[in-house]
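Listed here are the chains, written in short residue letters.
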There are 2 protein chains.
Amino acid sequence: MDKFDFWDIEQVNFTLTEGFEMKSLKSLNYGIVGLGIMGGSFAKAIRLNILSQNGSTGKILVCNRSTACLSQAVSEGIADETYTSDRVQEMLPKCDVLFICLYPHATLDFLKTNKEFFKSGAIVTDISGVKGIFEKELPEILRNDVDFIIGHPMAGGEKEGYANSKAEFFVNHNYILCEQKFNKKENLDLMREFIASIGFTRITETTTDIHDYKIGFTSQLCHVIASALVESAEDPEITAFGGGSFEDLTRIALINAPLWTELFISNKEKLVAHIESFEKQIERFKTAIANEDSESLKAILEDTREKRLAMGSIRTINK
Amino acid sequence: MDKFDFWDIEQVNFTLTEGFEMKSLKSLNYGIVGLGIMGGSFAKAIRLNILSQNGSTGKILVCNRSTACLSQAVSEGIADETYTSDRVQEMLPKCDVLFICLYPHATLDFLKTNKEFFKSGAIVTDISGVKGIFEKELPEILRNDVDFIIGHPMAGGEKEGYANSKAEFFVNHNYILCEQKFNKKENLDLMREFIASIGFTRITETTTDIHDYKIGFTSQLCHVIASALVESAEDPEITAFGGGSFEDLTRIALINAPLWTELFISNKEKLVAHIESFEKQIERFKTAIANEDSESLKAILEDTREKRLAMGSIRTINK
């Protein structure tokens, strides 16, 4: 289960950029389907980091169901062209790189329904938090002259919507890529260059299976735990007794219910396995505490500290 | 179990200060036993907020087992007088307000062993994360002419020691006071004035029993969960897949093993009850996921979001 690679962008930046000139990114048209916090942050990060460069000729095209954020994106100078969902088929043929920033199954449906409209030679990529569902349906998604790159920008927040998107959203975060046999090397390289350009500091490359297993742990299990902790609170004024721990553990419990219901159930088997392994550890702690077994408890906690230190951090420990 | 009061200092500041002049705090000698992150932060916060005022005549006296931080505290202008542990009996008779910043049972032992050396009329207070153990042994701790105020500054961090202490450590945090029948009103008021002066923004007043029950939830249960989550990670490079959730949930897993072993076991019954109620919630989520019961899962998660929103925050949500 542990086959994956990751590398810090800072270390490999030169190698990365050697083959590509920034102009390749500067001259592309970027399409964004779904202008929420993720889609909006992509648009803003592209505007700030790529299309504000001297000599940039690319455009940002955005599509969204509701129009309020479309107008806002234009007035903020983020979007060049906007489309409501019913007009997306006019937008798609113009996009060199297309980001589908929808919920997982909506992304899958979108890819199937609209594949004939994609620009020939385009890169199409997603942001979904589960990946197995895509690999299974690849034959229905793929077109010979369009490259579908399975990706996952590992950034999120309890605040949703375009209003909370920002260009700096991805800074110091991880991006996961699940390379497929059919992906063209030059497209993957362009994608890596793009990812580095908008602030991510690490790219992790792995399979969809390992992605779902690891994300089932770092993301989905954590959301289950945070939610279960809130649900087990008897007292809405409990933060009067908070020192930071409860707040840290439950930040992500300001949860988007439909999205996470979909993520949890789409990754059911791996997530349930993680929950069960977590339950065993909780039981181990409970037993040591109930038995007043100081020696065992101290030994476990020392191990915990060592393990956590060894894991490093993307941002929290050193902030 | 829910009998407690809390109030935001901002709202009551005028009432608080009406009866007291800042000079009362400015003219006191503060003693700190144990110069770790908590003791050090008290010393620095007192120096910054109280004893840097014009006309202040009070001193900061500190005692610690090892001498390195004592020298540092003097060279930084934080401590006026320093004492190694074997000379603490020379320090105690000089202290108007004495903070015992040791582990819970060490605090208890200190109070019993040294009570004859406290200054007559002094306020002695502790920072321990469990309170029941003190109430049980009050007869052995108390002296008629010394007021022991049971307190708990709700601030902490994964970084330990004087080197990580800072004057701003307590800003925007909660302080819990467990008033006892024998406490003098003027001493409690002085303590509240002191707490407000060094940056805390909320004081929660309750019994030791409720303190231990609530802290068993917001603090100890959270540390058990964070530790169990780290222990259930198979992979030391898991943060390559982190988007922030895992890091948030395990910040506190950089745990001080001897301290938390003591806290967990000292509050065994209440903590085990909290763990069991949390386990039931985890099981509820697991069942809904395993059964692909989208409707139930969505309903629970919507409830979770509402509950968490209603709880408010001391700092995390709005940061």
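Residues numbered from 1 in each chain as written. Chains lettered and ligands numbered in written order. Predicted model: local features only at pLDDT ≥ 70, side-chain atom pairs only at ≥ 80, totals over all residues. Heavy atoms only, no water.

**Concerning the overall build of chain A**
And then number 1: Scanning chain A from N- to C-terminus turns up 14 helices and nine strands.
And then number 2: Whereas a compact globule of 319 residues would reach a radius of gyration of roughly 20 Å, chain A reaches 21 Å, a difference of no more than 12%.
And then number 3: Principal-axis analysis of the C-alpha atoms places the extent of chain A at approximately 65 × 40 × 40 Å.
And then number 4: Looking at the 319 residues of chain A, the share that counts as buried comes to 60%.
And then number 5: Contacts spanning at least 24 positions in sequence make up 75% of the contacts within chain A whose residues lie at least 6 apart.
And then number 6: Of the roughly 12,500 Å² that chain A leaves accessible, carbon and sulfur atoms contribute 49%. (Helix = DSSP H or I, 4+ residues; strand = E, 2+ residues; numbered from the N terminus. Rg over C-alpha atoms; globule rule 2.2 N^0.38 Å. Buried < 20%, exposed > 50% of the residue type's maximum accessible area, 1.4 Å probe, protein only. Contact = heavy atoms within 4.5 Å. Areas by Shrake-Rupley, 256 points an atom, 1.4 Å probe, with all protein chains shown as cover.)

**Details of the confidence of the model for chain A**
All names here are of chain A.
And then number 1: Averaged over all residues, the pLDDT of chain A equals 90, while 91% of them reach at least 70.
And then number 2: Confidence over residues 11-20 falls short of pLDDT 50; this stretch has 10 contacts with residues more than four positions distant or in other chains.
And then number 3: For residues 315-319, every residue scores under 50 in pLDDT, and the model assigns this stretch 13 contacts once sequence neighbours within four places are set aside.
And then number 4: What the predictor reports for the complex is a pTM of 0.88 with an ipTM of 0.88. (pLDDT = per-residue confidence, 0-100.)

**Considering the interface of chain A and chain B**
And then number 1: Across the boundary between the two partners, chain A contributes 101 residues, which contact 101 residues of chain B.
And then number 2: Between chain A and chain B lies a buried interface of about 9,500 Å² when both sides are counted; carbon and sulfur atoms form 66% of it.
And then number 3: Counting the surface chain A buries against chain B, the share from its top three residues, Glu 231, Phe 241 and Met 311 of chain A, is 9%.
And then number 4: Linking chain A with chain B are 14 salt bridges.
And then number 5: Salt-bridge contacts for Glu 231 of chain A lead to Arg 284 of chain B; the nearest nitrogen and oxygen are separated by 3.2 Å.
And then number 6: The interface formed by chain A and chain B includes 38 residue pairs in polar contact (both at pLDDT 80 or more).
And then number 7: Secondary structure elements with two or more residues in the side of chain A that touches chain B: strand E1 (4-8), strand E8 (174-178), strand E9 (202-206), helix H10 (208-231), helix H11 (245-250), helix H12 (257-266), helix H13 (268-290) and helix H14 (294-311) of chain A. (Buried area = accessible area lost by both parts, 1.4 Å probe. Salt bridge = Lys/Arg side-chain N within 4 Å of Asp/Glu carboxyl O. Polar contact = N/O pair within 3.5 Å; in protein donor to acceptor, adjacent residues only side chain to side chain.)

**Some remarks on the pairing of strand E5 (residues 97-100) of chain A**
On any regular strand, side chains alternate: one points to one face of the sheet, the next to the other face.
Residues and elements named next belong to chain A.
And then number 1: Alternating residues of E5 divide into Val 97 and Phe 99 and Leu 98 and Ile 100, and every residue in both groups is buried.
And then number 2: Judged from the four bridges that link them, strand E2 (residues 30-33) and E5 form a sheet pairing that is parallel. Residue pairing for E5: Tyr 30 is matched across the bridge by Val 97.
And then number 3: Direction of pairing for E5 relative to strand E6 (residues 123-126): parallel, over a ladder of four bridges. The partner of Leu 98 across the bridge, within E6, is Val 124.
And then number 4: Each parallel crossover has a hand, and for E5 linked through helix H6 (residues 104-114) to E6 it is right-handed. (Pairing = 2+ DSSP bridges. Right-handed = clockwise from strand over helix to strand, strands pointing away.)

**Considerations on the relation of the copies chain A and chain B**
Between the two copies of the chain lies a rotation about an axis combined with a shift along it.
And then number 1: The transformation that overlays chain A on chain B combines an axial shift of 0.0 Å with a rotation of 180°, and the residual RMSD is 0.0 Å. Within this description, the copies of the chain are treated as partners about a two-fold rotation axis. Proximity to the rotation axis, assessed at the C-alpha, singles out Leu 249 of chain A in chain A; its C-alpha lies 2.4 Å from the axis.
And then number 2: Taken together, the interface assignments show that 100% of the residues at the interface of chain A recur at the interface of chain B, consistent with an identical surface on both copies. (Least-squares fit on C-alpha atoms with pLDDT ≥ 70 in both.)

**Considering the packing of H10 of chain A against helix H13 (residues 268-290) of chain B**
And then number 1: Interhelical geometry of H10 of chain A versus H13 of chain B gives an angle of 125° and a closest axis separation of 8 Å. Compared by their axis directions, H10 of chain A and H13 of chain B come out oblique. For H10 of chain A against H13 of chain B, the interelement crossing comes out right-handed. Across from Val 224, Ile 225, Ser 227, Ala 228, Leu 229 and Glu 231 of chain A in H10 of chain A, the residues of H13 of chain B making contact are Phe 278, Gln 281, Ile 282, Arg 284, Phe 285 and Ile 289 of chain B.
And then number 2: By residue class, the composition of the contact of H10 of chain A with H13 of chain B is eight nonpolar, two polar and two charged. (Axes fitted to C-alpha atoms, helices over the stretch in contact; angles between N-to-C directions. Parallel < 35°, antiparallel > 145°, perpendicular 65-115°, else oblique. Left-handed = near helix turned anticlockwise from the far one by under 90°. Nonpolar A, V, L, I, M, F, W, Y, C, P; charged D, E, K, R; others polar.)

**Thoughts on the pairing of strand E6 (residues 123-126) of chain B**
Residues and elements named next belong to chain B.
And then number 1: Side chains Ile 123 and Thr 125 project from E6 onto one buried face, and the interleaved Val 124 and Asp 126 project onto a second face that is buried too.
And then number 2: Two elements, E6 and strand E7 (residues 147-154), share three bridges in a ladder whose sense is parallel. Across the sheet, Ile 123 pairs through a bridge with Asp 147, a residue of E7.

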